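One letter stands for each residue in the lines below.
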Amino acid sequence: MIERLISLSLRNRYLVLLLAAGLFAWGAYSVRESKIDAIPDLSENQVIVFTEWMGRSPQILEDQVTYPLVTNMQGLPKVKSVRGTSMFGMSFVFLIFEDDADIYWARERVLERLNYAQRLLPAGVTPTLGPDGTGVGHVLWYTLKAPGLDLGEQRALQDWYVKFGLQNVPGVSEVASFGGFQKQYQVTVDPTKMTYYGLTLPQVLAAVRSNNNEAGGRKFEQSGVGYIIKTTGYIQDMATLENVPVITQGTTPVRIKDVATVQMTGESRLGIMDLDGEGEAVGGIVVMRYGENADAMITRVKAKMEQIRAGLPPGVSFQLVYDRSGLIQDSVDSIKHTLIEEMVVVSLVVLLFLFHWRSALSILIQIPITIATSFILLNAFDISSNIMSLTGIALAIGVIVDNGIVMTENAYRNLAEYQAGEAAGGPLDAGPPAPSATPTQTS
């Protein structure tokens, strides 16, 4: 079979060269279109359901949120396992799907089941789906370098300006903010004063909710001009919140400031973000969407950062904490270095032992064509160019080179023997030796 293939190739050498050129061109295009990452994504098809119910203990979350969700998620098509965990104020349900399940199809199935499970949860509790990323999707971490801003102002800048800008970048699944303080109005009630006025905590909560709202009116016309009536009731400062009436006793209203203390503070935190031991920092984590090209996405995010930088306050800049593009570039440079090194070594070995430049050229041509063909297969099976796959290609170069040297040397030797026999006037093709009646001993 191999002899017939070699013979066919020798008879149709131009067709073989054309096929090799086509494979190389296709491979070069595949190299440009290949997804580049540093770490192979071996994570399972996972969908996360996150539910927040602040102020509740883990046991309450487990009984009223996690358990109903876990039991109702059982039986989804292509689900291997459903796992749940509860902590203070938060519940997580992890659904692991089979490997052949499309991740977005799986998310649709989970959303369908959540519409039914929603009625089993307490009022005001709404489960949400996690980002469509994986465990290795954290490709870029950054912090804000803002010497003139406090932690609350930095977090507000991150949440209301930087985050929204980076989320528009193609390939970004989520920008998760960390560090700093999230500003909020805090009302601290005094139980003694509430008892004095005969108030309850639900009355105070209802007063705050009802007075932090907008109400629409009707439209009326006057002198041919239409007017729309509305009320603006959103709380914008502490003074407005302090003067919110709770009840009226006689003709005297009882306000929030009469039974409670209002102050601007930060949301309760369960931890802090410290940078290099120099103090707290505010920043974000850029999460890559499932199946995206990490190298191209990081490049787009950095370009977007340059655009966002123009709108930051004076003195504020980005500081990259973790950037996977450096590791990606090192991986690509490693395969390039290995390729060039192998080609140089092979050329020297062939020229030194054979003194035949065309033999060395035939081996050198094999290396780029084989590597280009391997990228065609990587794209066909949707495998990214990462440390593992590039290392496999680098190791395979040695096998390709050894095979080329052995085959070239063997062909060179056989051609030399053939030409020597032809010069001596012997038969051009002696063929296999005739059988002998007397056995001969060979060394």
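Residues numbered from 1 in each chain as written. Predicted model: local features only at pLDDT ≥ 70, side-chain atom pairs only at ≥ 80, totals over all residues. Heavy atoms only, no water.

In the nomenclature of an unreviewed UniProt entry, the protein chain is known as Metal transporter of Hymenobacter glaciei.

Caption draft 1: Up close: the nonpolar core. Core analysis: the largest hydrophobic core is formed by 24 residues, its most contacted members being Tyr 142, Val 162, Leu 166, Met 297, Val 301 and Phe 318. When contributions to this core are tallied by element, the ones reaching two or more residues are strand 5 (138-145), helix 5 (151-166), strand 6 (172-178), strand 13 (283-288) and helix 10 (294-309). Per-element accounting of this core gives the leading share, six residues, to helix 10. Excluding residues within four positions of it along the chain, Val 162 makes contact with Tyr 142, Leu 144, Leu 157, Ile 308, Leu 312 and Phe 318. Judged by nonpolar contacts, the second largest core, of 21 residues, contains Val 70, Leu 95, Ala 101 and Val 125. (Core = buried A, V, L, I, M, F, W, Y, C linked by side-chain atoms within 4.5 Å. Buried < 20%, exposed > 50% of the residue type's maximum accessible area, 1.4 Å probe, protein only. Helix = DSSP H or I, 4+ residues; strand = E, 2+ residues; numbered from the N terminus. Contact = heavy atoms within 4.5 Å.)

Caption draft 2: Geometry of the UniProt feature "transmembrane region" (unreviewed entry) in the protein chain. UniProt feature "transmembrane region" (unreviewed entry): in the numbering of this structure it lies at residues 363-381 and 387-406. Across residues 363-381, helical content stands at 95% and strand content at 0%; the span's end C-alpha atoms are separated by 28 Å. Taken end to end, residues 387-406 is 100% helix and 0% strand, and its first and last C-alpha atoms sit 29 Å apart. (UniProt positions renumbered as here; feature names shortened; annotations may be inferred.)

Caption draft 3: Highlighting the packing of aromatic side chains. Per the counting criterion, the structure on display carries six aromatic pairs. Ring centres of Phe 92 and Phe 94 lie 6.2 Å apart, and the angle between their planes is 10°; on these two criteria the pair is classed as stacked. Between Tyr 142 and Phe 318, the ring centres sit 5.6 Å apart and the planes meet at 80°, which makes this aromatic pair edge-to-face. With Tyr 142 in strand 5 and Phe 318 in strand 14 (residues 317-323), this residue pair connects regions lying 176 residues apart in the sequence. Here Phe 318 falls in the buried class, since its relative accessible area comes to 11%. Cluster of aromatic residues (ring-pair linked, three or more members): Phe 50, Phe 92 and Phe 94. The cationic tip of Lys 78 hangs over the ring face of Trp 105; the distance from NZ or CZ to the ring centre is 5.6 Å. (Phe/Tyr/Trp six-rings, centres within 6.5 Å; stacked < 30°, edge-to-face > 60°. Lys NZ or Arg CZ within 6 Å of the ring centre and 35° of its normal.)

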